[in-house]
Amino acid sequence: MTLIVGQVMTSEVVEAHREMSFKDVARLLDRYRISGLPVVDDDDKVVGVISETDLLRLQANRSGGGRLRHRLLPSLRRALPWPRRPERTAGRVTTAAAGGVRATTVEQLMSTPAITVHPEQRVADAARVMERHRVERLPVVDEEDRLIGIATRRDLLRVFLRADEEIRREVADDVFGRALSLPPQAVTVSVGDGVVTLEGRLERRGDIPEAIRLTWRVDGVVGVMNSLTFRVDDTRPAEPASAL
């Protein structure tokens, strides 16, 4: 079974609103021991994200760095590069960076637009979105862009907690049984610590890359060891018939 975001996301979300103050957000981050919050409007639609990085950047700009780190809440004491000028990251910009260092509300501090995902998206796809945009969390929204959950890096890593036997059954049944239409005895699938070993003989050599590709797509797989052989090499061009 391929896991989707809706199966691993956190449904009880701590959220922020545009009018909240710097201190309100800092208190929430400290109380719930989290590093960021989605920002929603009056209709629960996600309009941005605010993180401890946004707060630290504002404080750094205000104080010029200095001994700020020792005055922050414990949850905000992170070793971060202190930007000397507004910076864009993966197409997003904080309103505070665009408007100076006088920002005091969430609307002025938040990063926008928010990068979001839908609950029916595959966990692997969400992980790629997270890596591409270099974000730590993804608000999960419904078809009307209303907040229904949040997916963090820790949530997405749950796919690697799948039992080896569960992974083995999915590879054997879904990859070789359904996708490649092979009988159960054709291929031996074994799994150890998420590493799948494939042994057996396929009819055509061209099926081996497809088998490996589909095996990699199974949630929880961290490696594939290929020991498959073939009966017919269908990758070589056919030899021309000899003239009589």
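Look up a bit, the structure's there.
Residues numbered from 1 in each chain as written. Predicted model: local features only at pLDDT ≥ 70, side-chain atom pairs only at ≥ 80, totals over all residues. Heavy atoms only, no water.

## Describing helix α9 (residues 207–216)
Inspection of α9 places I208, A211, L214 and T215 among the buried residues, and these make up the whole buried set. The buried residues of α9 occupy an angular sector of 130 degrees when the element is viewed end-on, so they sit on one face. Residues of α9 that are buried make contact with α8 (164–179), β9 (195–204) and β10 (223–232). (Buried < 20%, exposed > 50% of the residue type's maximum accessible area, 1.4 Å probe, protein only. Helix = DSSP H or I, 4+ residues; strand = E, 2+ residues; numbered from the N terminus. Arc of directions from axis to C-beta. Contact = heavy atoms within 4.5 Å.)

## Here we look at the nonpolar core
By size, the foremost hydrophobic cluster in this structure holds 19 residues, and its most contacted members are V171, F176, V189, V196, L198 and L228. Where this core is concerned, the elements lending two or more residues are α8, β8 (187–192), β9, α9 and β10. By residue number, the principal contributor to this core is α8, which donates 4 residues. Among all residues touching V189, those that are not within four sequence positions of it are R168, V171, A172, F176, V196, T197 and L198. (Core = buried A, V, L, I, M, F, W, Y, C linked by side-chain atoms within 4.5 Å.)

## Re a nonpolar patch on the surface
A cluster of nonpolar side chains, contributed by L157, F160 and V222, occupies part of the molecular surface with about 290 Å² of accessible area. Among the structural elements, F160 can be located in the loop between α7 (153–156) and α8. (Patch = residues over 30% accessible without salt bridge, like charges linked within 9 Å, V, L, I, M, F, W, Y side chains within 5 Å. Areas by Shrake-Rupley, 256 points an atom, 1.4 Å probe, with all protein chains shown as cover. Salt bridge = Lys/Arg side-chain N within 4 Å of Asp/Glu carboxyl O.)

## Concerning helix α6 (residues 123–133)
Those residues of α6 that sit buried are V123, A126, V129, M130 and H133. Buried residues in α6, looked at end-on, bunch into an arc of 115 degrees, giving them a common side. Across α6 from its buried face, at more than 90 degrees, point the exposed residues E131 and R132. Looking at the buried residues of α6, the elements they touch are α1 (5–8), β6 (137–141), β7 (147–152) and α7. The first or second residue beyond α6 is R134, which carries a positive phi of 55 degrees.

## Some details on the side chain of D219
Among the secondary structure elements, D219 is positioned in the loop between α9 and β10. One buried charge, D219, has no salt-bridge partner; the nearest side chain with opposite charge is R122, at 4.5 Å. (Lys, Arg positive; Asp, Glu negative; His and termini not counted.)

## Regarding the pattern of salt bridges
Applying the stated rule across the entire model yields 17 salt bridges. E165 serves as the salt-bridge partner of R169, at 3.6 Å between the closest nitrogen and oxygen. Linking R169 with E165, this pair stays in helix α8, spanning 4 residues, or about one helical turn. Judged by relative accessible area, R169 falls into the partly exposed class, the value being 41%. Under the relative-accessibility criterion, E165 is labelled partly exposed at 39%. Two residues, E210 and R213, come together in a salt bridge whose shortest N-O distance is 2.8 Å. Residue E210 and its partner R213 are both found in helix α9; the two are separated by 3 residues, about one turn of the helix. Several salt bridges share partner residues, and in doing so they unite R122, D125 and R128 into one network.

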